[in-house]
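One letter stands for each residue in the lines below.
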Amino acid sequence: PVVAVETVGAESFYERQRAGKVVRLDDITSIAKTLGARAVSEDMVALAEAHPGKVFAATVRDIDAVNACCLFASHHRLLVEPSTGAGLAAVYGFHPTLMAALGPSPRKHPLVAVVVCGGSLVTMEQLLEWKATLSCV
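Residues numbered from 1 in each chain as written. Predicted model: local features only at pLDDT ≥ 70, side-chain atom pairs only at ≥ 80, totals over all residues. Heavy atoms only, no water.

**Student:** Would you mind showing me how to read the packing of helix α3 (residues 62-76) against helix α6 (residues 124-135) here?
**Tutor:** Helix-helix packing is characterised by the crossing angle of the two axes and by the distance between the axes. Close contact between α3 and α6 brings their axes to 9 Å; oriented N to C, the two are set at 145°. Seen from above, α3 lies across α6 with left-handed handedness. Of the residues in α6, those touching α3 at D62, I63, V66, N67, C69, C70 and A73 are M124, L127, L128, W130, K131, L134 and S135. Residues that form the contact of α3 with α6 fall into these classes: 10 nonpolar, 2 polar and 2 charged. (Axes fitted to C-alpha atoms, helices over the stretch in contact; angles between N-to-C directions. Helix = DSSP H or I, 4+ residues; strand = E, 2+ residues; numbered from the N terminus. Left-handed = near helix turned anticlockwise from the far one by under 90°. Contact = heavy atoms within 4.5 Å. Nonpolar A, V, L, I, M, F, W, Y, C, P; charged D, E, K, R; others polar.)

So, in structure tokens, the structure goes:
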């Protein structure tokens, strides 16, 4: 299975899956803007529908994405942007959608891959600032 994770405020694929048709977001309100799209393309929809396994869509909050970025930096000494932090948050937080995708026996799927990219537009100071700001929301 594939689990596509987006932050709330940039969840165009999630909204498409929920509505069963392409939905255009009015704006991207998440801090995770670097990979955001206000609407998914028809090509993306076709790829998801043609995938041999089920494609799940999930969302996480900005704060969860930022916390995941900070954890990843601590664990791997690499900075990533909140867009990437969304997928990491699903893994670090055992997101219910991820667990559903793995099925009733998650141990049958011992490997979970997360696409990790980007980090050139973020600093540790910026991550910590977002973390402080978002945790007050």
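**Student:** Hey, could you run me through the layout of surface pockets in this one?
**Tutor:** Once rolled over the atoms, a probe with the size of a water molecule shows which space is left empty. Looking at the largest pocket, its volume works out to about 910 Å³. Around the largest pocket, the lining is made up of 34 residues, and of these V3, A4, V5, G87 and V115 lie nearest the centre. Of all elements in the fold, only β1 (2-7), α1 (12-19), α2 (42-50), α4 (82-92) and α5 (96-102) reach the threshold of two or more residues within the lining of the largest pocket. A class-by-class count of the residues in the lining of the largest pocket yields 26 nonpolar, 7 polar and 1 charged. (1 Å grid on protein atoms, 1.4 Å probe; cavity = no way out; pocket = protein on both sides within 12 Å on 5 of 7 lines; lining within 4 Å. Points joined across faces, edges and corners; volume = space filled by probe spheres on them.)

**Student:** What exactly am I supposed to notice about the pairing of strand β2 (residues 55-60) here?
**Tutor:** For a regular strand, the rule is simple: side chains alternate between the two faces of the sheet. With 5 of 6 residues buried, β2 lies mostly within the body of the structure. When β1 meets β2, the two strands line up parallel, connected through 6 bridges. Pairing of V3 across the sheet is with F56, part of β2. (Buried < 20%, exposed > 50% of the residue type's maximum accessible area, 1.4 Å probe, protein only. Pairing = 2+ DSSP bridges.)

Coordinates in, geometry out; function isn't part of it.
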